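# Descriptive structure summary
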Amino acid sequence: AVVSTQSTGIAEQFVAVRDATSTFGCINAPLLGGALGEPSKARLAHQLGMLLYNLAPSATVVYVQGDNSTFVPRAVLAGYLNAKGVSAANLISVKKVAAANGISFE
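A brief look at the structure comes next. Since we're looking at a predicted model, the values are computed, not measured.

Turning next to the overall build of the chain. Helix and strand content of the chain: five helices and two strands. Secondary structure elements of the chain, listed N to C terminal, follow the sequence α-α-α-β-α-α-β. The proportion of buried residues among the 106 residues of the chain is 28%. In the structure as shown, the chain presents an accessible area of about 6700 Å², 60% of it carried by carbon and sulfur atoms.

If you look at the biggest cluster of nonpolar residues, it comprises twelve residues: Tyr 53, Val 62, Leu 77, Ala 78, Tyr 80, Leu 81, Val 86, Ala 89, Val 94, Val 97, Ala 98 and Ile 103. Residue assignment for this core shows that the elements contributing at least two residues are helix 4 (72–83) and helix 5 (94–100). The element contributing the most residues to this core is helix 4, with four residues. Within the second largest apolar cluster, six residues are counted, among which are Ala 45, Phe 71, Ala 75 and Val 76.

A few words on the environment of Lys 84. Mapped onto the fold, Lys 84 is located in the loop between helix 4 and helix 5. You can call Lys 84 partly exposed: its relative accessible area is 33%. For the pair Lys 84 and Pro 57, spaced 27 residues apart in sequence, the C-alpha separation works out to 7.4 Å. Excluding residues within four positions of it along the chain, Lys 84 makes contact with Tyr 53, Asn 101 and Ile 103.

Attention shifts here to the environment of Ala 78. Turning to its location among the elements, Ala 78 is positioned in helix 4. Judged by its relative accessible area of 4%, Ala 78 is buried. Taking the C-alpha atoms as reference, Ala 78 lies 5.9 Å from Val 94; in sequence the two are 16 residues apart. Beyond its immediate sequence surroundings of up to four residues, Ala 78 is in contact with His 46, Ala 89, Asn 90 and Val 94.

Let's shift gears to helix 4. Spanning twelve residues, helix 4 covers 17 Å between terminal C-alpha atoms, matching the ideal 16 Å at 1.5 Å per step. Counting buried residues in helix 4 gives nine out of twelve residues, a clear majority hidden from the surface. Buried residues belonging to helix 4 abut helix 3 (38–55), strand 1 (61–62), helix 5 and strand 2 (104–105). At the C-terminal side of helix 4, Gly 85 shows a positive phi close to 105°.

Cut-offs applied
Residues numbered from 1 in each chain as written. Predicted model: local features only at pLDDT ≥ 70, side-chain atom pairs only at ≥ 80, totals over all residues. Heavy atoms only, no water. Helix = DSSP H or I, 4+ residues; strand = E, 2+ residues; numbered from the N terminus. Buried < 20%, exposed > 50% of the residue type's maximum accessible area, 1.4 Å probe, protein only. Areas by Shrake-Rupley, 256 points an atom, 1.4 Å probe, with all protein chains shown as cover. Core = buried A, V, L, I, M, F, W, Y, C linked by side-chain atoms within 4.5 Å. Contact = heavy atoms within 4.5 Å. Expected span 1.5 Å × (residues − 1).

Read these as layout, nothing more, since geometry by itself doesn't imply function.
Put into structure tokens, the structure is as follows:
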């Protein structure tokens with residue numbers, strides 16, 4: 001995520017990205033992180049994993065960096081695998097399923 005230095009609200013930034021009018025400073029990461037609860041973070045991480053698959057469908061390593069080392073990285077990997085067509089990937093089984101599909105997770 002790119003941290004915005006502008007005072008534009010989070011919703012306005014998402015609308016600008018959706019409408020393709022701006023991608024610079026598209027997400028104010030600290031405010032977004034503070035505004036989301038755990039279920040929303042998991043859904044967002046899962047969707048980011050799905051986006052990642054569209055950007056790098058032949059990746060063999062998925063590396064997730066952040067301050068939440070519990071479920072967010074697993075949700076990103078599950079989203080990546082789900083987008084790849086692996087429906088068995090979930091937060092609990094994701095490391096084993098990734099290994100079985102030739103993807104390492106860091």
